[in-house]
Amino acid sequence: MSPNLNQTPGSAARPKPGAEPRVPPDPQTQSHSSSFAEHVIQHSPLLIVAVAADASAKVLSINDAGCRILGYSRAELLGQQWWAMAYADGEFSP
């Protein structure tokens, strides 16, 4: 077999400029990252809430600080419309 004269030595092993290797995500790393993020969110002193991104705007998740700030238990908040809970005095209408 004759060598390819248009190829410089060692160039076959080099990726093309701008090309990044595709490495599948490591489930253990993802799991650790996810649990770390959940820990940070849950223990934050700030109100952090996940709200459905549709017209219902239902509370999907809320951290302890959010419950404390709003004065409701998690059970009272989950599934409720965010705007009704956060702006109960009527100062805001979506």
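Above this text is the structure in question.
Q: It is not clear to me how the overall build of the protein chain should be interpreted in this structure. Could you clarify?
A: If you tally the helices and strands in the protein chain, you get four helices and two strands. The helix and strand sequence of the protein chain, counted from the amino end, reads α-β-β-α-α-α. Within the protein chain, contacts between residues at least 6 apart in sequence are counted, and of these 15% link residues at least 24 apart.

Q: I tried to follow the nonpolar core on my own but got confused; where do I start?
A: The nonpolar side chains of a soluble globular protein tend to be buried with one another. Among the nonpolar cores identified, the biggest contains six residues, and these are V59, I62, C67, L77, W82 and M85. Those elements that provide at least two residues to this core are β2 (59-62) and α4 (82-86). In this structure V59 touches V49, A50, L77, L78, G79, Q80 and W82, once residues within four positions along its chain are discounted.

Q: Could you clarify how one ought to interpret the pattern of salt bridges in this entry?
A: Where charged atoms from two side chains of opposite charge approach closely, those side chains can pair. Within the structure shown, the criterion is met by one salt bridge. Between R74 and D64 there is a salt bridge, with the nearest N and O atoms lying 2.8 Å from each other. Of this pair, R74 sits in helix α3 (residues 74-77) while D64 sits in helix α2 (residues 64-70), placing them 10 residues apart in sequence. Note on R74: relative accessible area 30%, which makes it partly exposed.

Q: Help me understand a nonpolar patch on the surface, please; the structure alone is not making it clear to me.
A: A cluster of nonpolar side chains, namely I41, L46 and I48, defines an oily patch on the protein surface of about 250 Å² accessible area. Exposure remark for I41: the relative accessible area of 37% places this residue in the partly exposed category.

Q: Got a minute to help me understand the environment of L60 in this structure?
A: Mapping L60 onto the fold places it in strand β2. When the C-alpha atoms of L60 and Q81 are compared, they prove to be 9.7 Å apart, with 21 residues separating the residues in sequence. Not counting chain neighbours up to four residues away, the residues in contact with L60 comprise A50, V51, A52 and L78.

Q: I'm lost on the environment of K58 in this one. Help?
A: Within the secondary structure, K58 is located in the loop between β1 (49-51) and β2. The class for K58 is partly exposed, based on a relative accessible area of 40%. Separated by 24 residues in the primary sequence, K58 and W82 have C-alpha atoms spaced 5.6 Å apart. If we skip the residues at most four places from it in the chain, K58 touches A50, V51, A52, G79, Q80 and Q81.

Q: Is there a simple way to explain the side chain of S44 in this structure?
A: Looking at the element boundaries, S44 is found in the loop between α1 (27-43) and β1. Here S44 falls in the buried class, since its relative accessible area comes to 14%. When neighbours within four sequence positions are excluded, S44 is seen to be in contact with N63 and A65.

Cut-off values and rules
- Residues numbered from 1 in each chain as written.
- Predicted model: local features only at pLDDT ≥ 70, side-chain atom pairs only at ≥ 80, totals over all residues.
- Heavy atoms only, no water.
- Helix = DSSP H or I, 4+ residues; strand = E, 2+ residues; numbered from the N terminus.
- Contact = heavy atoms within 4.5 Å.
- Core = buried A, V, L, I, M, F, W, Y, C linked by side-chain atoms within 4.5 Å.
- Buried < 20%, exposed > 50% of the residue type's maximum accessible area, 1.4 Å probe, protein only.
- Salt bridge = Lys/Arg side-chain N within 4 Å of Asp/Glu carboxyl O.
- Patch = residues over 30% accessible without salt bridge, like charges linked within 9 Å, V, L, I, M, F, W, Y side chains within 5 Å.
- Areas by Shrake-Rupley, 256 points an atom, 1.4 Å probe, with all protein chains shown as cover.

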